Amino acid sequence: MQEWIQLFIDGATIGGVYAVIALGYTLVYGVLRMINFAHGELFMMGAFTGYYTLNGFEQHSNLNDSAPELTIAVAILLGMAVAVVLAVIMERVAYRPLRRAPRLAPLISAIGVSIFLRNVMLRVTDAQAQVYPRVFPRGGFEFGDVSLTYIRIFLLSLSVAFLVLLYVFIQRTKAGMAIRAVAEDRDTAALMGINVDRTIVSAFAAGAALAGASGVVYGMFVTNATSDMGFIPGIKAFTAAVLGGIGSVPGAVAGGYFLGISESLSTKVIGAQYKDVVAFVLLVGALTLRPWGIFGKREDKRA
Amino acid sequence: MDIGWKMVRRPGGLLLAALVVVLMVMVTACGGGTSSKDKTATAAAKGGTPSATKAGATVAATSGTTAGGTITIKKGDPIKIGISTTLTTDNAQLGMPIRDAALLTIKDKGTIKGFAIEGDPQDDLCSGPGSVTAAQKLVADKVVAVLGAMCSSGTVAALDTYAKENLLVISSSSTAVPVTQQGKKNFFRTAWNDATQGGEMAKYALSTLNKKNAVLVNDQSVYGKGLMDVFNKSYTDSGGKVLSQEAVTVGEKDFSPVVTKIKGENPDIVVFGGFIAEGAVLVRQLRDAGVTATFMGADGVADQKFIDQAGGAAEGAYVSRGPTPTDTTVYDKFAKEYEAAYNKAQVDQFADYTYDAVNVMLTAIEQVATVDGSGNLVIDKQKLIDAVRASKANGASGQISFNDVGDRTVVGVVNRIDQVTGGKLVRIQ
């Protein structure tokens, strides 16, 4: 039983990461009807920014020991900033020129951006994994054989905090209202005086901030950063977003947790080698049986 | 639920996106699959390789492949040596040193019969499909011989493409058992067959370390899975008990569920078949979760980078390699040169095997190459392969000679085991 609980915790932790990345997919899909496949790379760039920041503190000061909460906060904020800047550039250079192009074009462009960013970091790091300094306090709570480490608690609460923040952003701010309006109907929103371009950028930026921050925290959790690290979480988060109903904010979160926990429990039931099979069977199943997802609402085709 | 929670009316284009995901996963992540790679290789062979030989079409004046199985290099052109290794993804940390060692060896050789030698590195992604693509590129580039592929998954898949051209292939790092079971007469390897290594690891774990209960973890590659299968058989036959066989996904960083399972099994030893990136993360997460079982890795992690990336967690771990010579004269000479050339603190894993592979290759080319009347260099492909089969050399990785299937024959060497002590690999056997 304790092993099941531990697997559940393991799954919820990675599920929280999937959920936060999935929010970015959902936001961009909401305004552009486009899957930004380079989103996982924003997560990766966040993780590298976190590494360089924390390593910089480690090399040039003793702040990592005396004030870890400060260095971690700085790392997360910088991770968010770098991801946001990249996302804005990405949108301007790779996606905006293709706004009126056939649907496949921005999709391929996104894959190009993804490959580009991965290879930039591959060259920068000479393909070496960069090891995070130990900044986050180790240890945690033990209940028998079940352990709940501090970093897991941090990761879990962060994903919940992000959901709340994003809710406030979308529901209570002007920019959020504009995003909703553009998602509803881009042309009408433009007629009502909403700056569509700026709104699309703000959706990219919001998603990127989440990806960048979770990259830093994930980097601290797995303790290293590599150029490939955004790929699999990115694909899994896309799966989570589809499972939850792409375009739906709570759907992305629910899909993320559902996927993470299913994967984790499946290692006990059918073996770890089939973990990815479980994820992609869920994806195919969702697309076949319920393409509108858990939280998306079924819409009949208009006549 | 109000409108803000549901921003999208019609989830259009999703199937398209999902299709792209499936394609991306197939191309990037699934290099290790045994079933897909055979198909890929066959499909590639059927598709026809760019410079497939045609009977009777001998044009002596142009560089390239001709009917009699000879390669003619025009006066002034370089002799091209193909290098199929992994230059992107996490496994580039193993692949780039292989390229570097090969280029260094080529530079050392200088020229053959007045012809310059040129390395032609191609990224093989450590995967079946990637290695087949690299093979097609190298065949099109009209290389004389090929070093590679880096990973066993890739070599197994790409051998068909090379065999069709009767092109000499020597791998310095593909260790899996199936590699030399393909019945390809153009293939050799300076890397040791895992049949030896897996058995020696099992013997060491059981007899020397006295660990009776093991959990085996592999990375689902031809190499990692194959090595663990050999270990499993040998270990079980000698009375050890394998509690479970686990697998991790290449490219992932969070192995918590596997770690939780291992913790539940409570083994004496955890044995890993795979490469540096996953091995380092695995040992670190095992230690973080409080698993104190002995950790044992193989030649895929036998590198300082494994220790560095594990951030201290690799201390005390055992690392096996293939048989290693007791006489290290050639090795030391190469090590000095390699470390100086690339400003490295130590020789990277597989660099010494690469040095030997390329040397054997170049020596054989020198033996069989002849300069014809017009000053072109002519190399008979079959003679080149025969020359490698007959070669006897004293290399950095020991005495080199090959058997019928292209595996090395063991001459006076023992399986090497290192233990991580004080953050370094220290040889204990």
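A.B. asks: What should I look at first to understand the overall build of chain A in this one?
C.D. replies: Within chain A one finds 12 helices and 4 strands. For the C-alpha atoms alone, the extent of chain A along its principal axes is close to 60 × 45 × 40 Å. Within chain A, buried positions represent 55% of all 303 residues.

A.B. asks: Which parts of the structure should I look at to understand the sheet that holds strand β7 (residues 168-171) of chain B?
C.D. replies: Strands in a sheet are paired, the pairing made by backbone hydrogen bonds, and the direction either parallel or antiparallel. Residues and elements named next belong to chain B. Pairing is mixed across the open sheet formed by 6 strands, whose spatial order is β4-β5-β3-β6-β7-β8. Each edge of the sheet is formed by a strand with only one pairing partner; in this case those strands are β4 (111-112) and β8 (187-189). By the bridge criterion, 2 bridges tie β4 to strand β5 (residues 115-123) in an arrangement that is antiparallel. Across the sheet, the residue bridging to Thr 111 is Ala 116, located in β5.

A.B. asks: For this particular structure, what's the right way to read the packing of helix α6 (residues 150-172) of chain A against helix α9 (residues 196-222) of chain A?
C.D. replies: For any two helices packed against each other, one specifies the crossing angle of their axes together with the interaxial distance. All names here are of chain A. For the pair α6 and α9, the least separation of the axes is 10 Å and the interaxial angle reads 175°. With respect to each other, α6 and α9 are oriented roughly antiparallel. Between α6 and α9, the contacting residues are Ile 151, Phe 154, Leu 155, Leu 158, Phe 162, Leu 166 and Phe 169 on the first element and Ala 206, Leu 210, Val 217, Met 220 and Phe 221 on the second. A class-by-class count of the residues in the contact of α6 with α9 yields 12 nonpolar, no polar and no charged.

A.B. asks: Just to check I follow, could you spell out the domain arrangement of chain B for this structure?
C.D. replies: How big an interface is tends to be expressed through the accessible area that disappears when the partners come together. All names here are of chain B. The domain boundaries assigned to chain B delineate domain 1 (37-191 + 331-413) and domain 2 (194-316). Summarising the inter-unit geometry, the C-alpha centres of domain 1 and domain 2 are found 31 Å apart. Taken residue by residue, the interface counts 15 residues in domain 1 and 17 residues in domain 2. Within the residue set of the side of domain 1 that touches domain 2, elements represented by two or more residues are α3 (92-109) and α5 (152-164). Looking at which element gives the most residues to the side of domain 1 that touches domain 2, the answer is α5, with 3 residues. In terms of residue class, the side of domain 1 that touches domain 2 is built from 6 nonpolar, 7 polar and 2 charged.

A.B. asks: Would you mind going over the confidence of the model for chain B with me for this structure?
C.D. replies: In regions of low pLDDT, the predicted coordinates are not meant to be interpreted in detail. Residue and element names in this part refer to chain B. Averaged over every residue, the pLDDT of chain B is 86; residues scoring 70 or more account for 84%. Here residues 29-68 scores under 50 on pLDDT; set against residues more than four positions off or in separate chains, the count is 73 contacts. Interface confidence for the predicted complex, given as ipTM, is 0.88, next to a pTM of 0.84.

Cut-off values and rules
- Residues numbered from 1 in each chain as written.
- Chains lettered and ligands numbered in written order.
- Predicted model: local features only at pLDDT ≥ 70, side-chain atom pairs only at ≥ 80, totals over all residues.
- Helix = DSSP H or I, 4+ residues; strand = E, 2+ residues; numbered from the N terminus.
- Buried ≥ 20, exposed ≤ 12 C-beta atoms within 10 Å, placed from the backbone.
- Pairing = 2+ DSSP bridges.
- Axes fitted to C-alpha atoms, helices over the stretch in contact; angles between N-to-C directions.
- Parallel < 35°, antiparallel > 145°, perpendicular 65-115°, else oblique.
- Contact = placed C-beta atoms within 7 Å.
- Nonpolar A, V, L, I, M, F, W, Y, C, P; charged D, E, K, R; others polar.
- Domains from an automatic or database assignment.
- pLDDT = per-residue confidence, 0-100.

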